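Per-entry structural report
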Amino acid sequence: LAELDVLLAHATPDPAAAVIAGARHVLEHHLAQPETTRLRAAILRESPALRDREHLQWYRTQVSESRELLYAACNRLGLPYWKSAGNFVLIKVDRAGEPAEIVRAFAERGILVRDRSRDAGCGGCIRITAGVVRHTEIAVEALEGLCAVP
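Reference entry: report on the structure contained in this document.

Criteria and cut-off values
- The written sequence of each chain sets the order in which its residues are numbered from 1.
- Restriction of local features to residues with pLDDT of at least 70 applies here, the model being predicted, together with a cutoff of 80 or more for giving and counting side-chain atom pairs; totals for whole chains, interfaces and linings are based on all residues.
- To obtain the side-chain values, all non-hydrogen atoms of the structure were included, while hydrogens and water were left out.
- Only DSSP runs of H or I covering at least 4 residues are called helices, and only runs of E covering at least 2 are called strands; the numbering of each starts at the N terminus.
- Each residue is placed in one exposure class: buried if its accessible area under a 1.4 Å probe, protein chains only, is under 20% of its type's maximum, exposed if it is over 50%, and partly exposed if it falls in between.
- Contact definition: two residues touch when any of their heavy atoms are within 4.5 Å.
- A pair of strands is considered paired only if DSSP assigns at least 2 bridges between the two.
- In what follows, salt bridge is the name for a side-chain nitrogen of Lys or Arg lying within 4 Å of a carboxyl oxygen of Asp or Glu.

Thoughts on the overall build of the protein chain
When helices and strands are counted, the protein chain shows eight helices and four strands. Looking at the protein chain residue by residue over its 150 residues, the buried ones come to 41%. Within the protein chain, counting contacts between residues at least 6 apart in sequence, those at least 24 apart form 59% of the total.

Some remarks on the sheet that holds strand E4 (residues 125-129)
Pairing is antiparallel in the open sheet, where four strands are placed in the order E1-E2-E4-E3. Each end of this open sheet is capped by a strand with a single partner; those strands are strand E1 (81-82) and strand E3 (114-115). Bridge count for E3 against E4 is two bridges, and the pairing is antiparallel. By the bridge assignment, aspartate 115 is partnered in E4 with isoleucine 126.

Regarding the environment of leucine 70
With respect to the element layout, leucine 70 can be found in helix H6 (residues 53-77). Assessed through its relative accessible area of 0%, leucine 70 is described here as buried. The spatial distance from the C-alpha of leucine 70 to the C-alpha of threonine 136 is 7.6 Å, given a sequence separation of 66 residues. Among all residues touching leucine 70, those that are not within four sequence positions of it are Val89, Ile128, Thr129, Ala130, Thr136 and Val140.

Some points on the pattern of salt bridges
Under the counting rule described, the total for this entry stands at five salt bridges. Residue aspartate 94 pairs with lysine 92 through a salt bridge whose shortest N-O separation is 3.4 Å. When its relative accessible area of 27% is taken as the criterion, lysine 92 is described as partly exposed. Linking arginine 134 and glutamate 137 is a salt bridge whose minimum nitrogen-to-oxygen distance equals 3.1 Å. Of this pair, arginine 134 and glutamate 137 both sit in helix H8 (residues 133-147), separated by three residues, roughly a single helical turn. Taking the relative accessible area as the measure of exposure, arginine 134 reaches 49% and is therefore partly exposed.

In structure tokens, the structure reads:
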């Protein structure tokens, strides 16, 4: 189960919508399926980084710190968000503008975020990856510039 956080994004087509809908059992059911077990084994087999326990622990720490940076930025900006056990944070940004426009503005800065506003239960939301801390710091700086409401 230790690799679950790292593999969750690969193992489920849309974990954000499932988590927001409170359907953790759907994720658990999906993760128990034979095809998911085969996918997990293939990912571990093909990725030396995922077999490197030191690297995994380093990355888990980076993800945890990055999530906290995103939570703190959302709190400063007054943006609603959902805490996550995965490597992303779902943030409701629609009071600062159209999510699609905000996603485009991030892209213009070279930062990839996902528009989840059309997913069930995710109206007005974007998804920001919580990964390497330095990358998250850059995303937070952009978030603060794009979503600050006077």
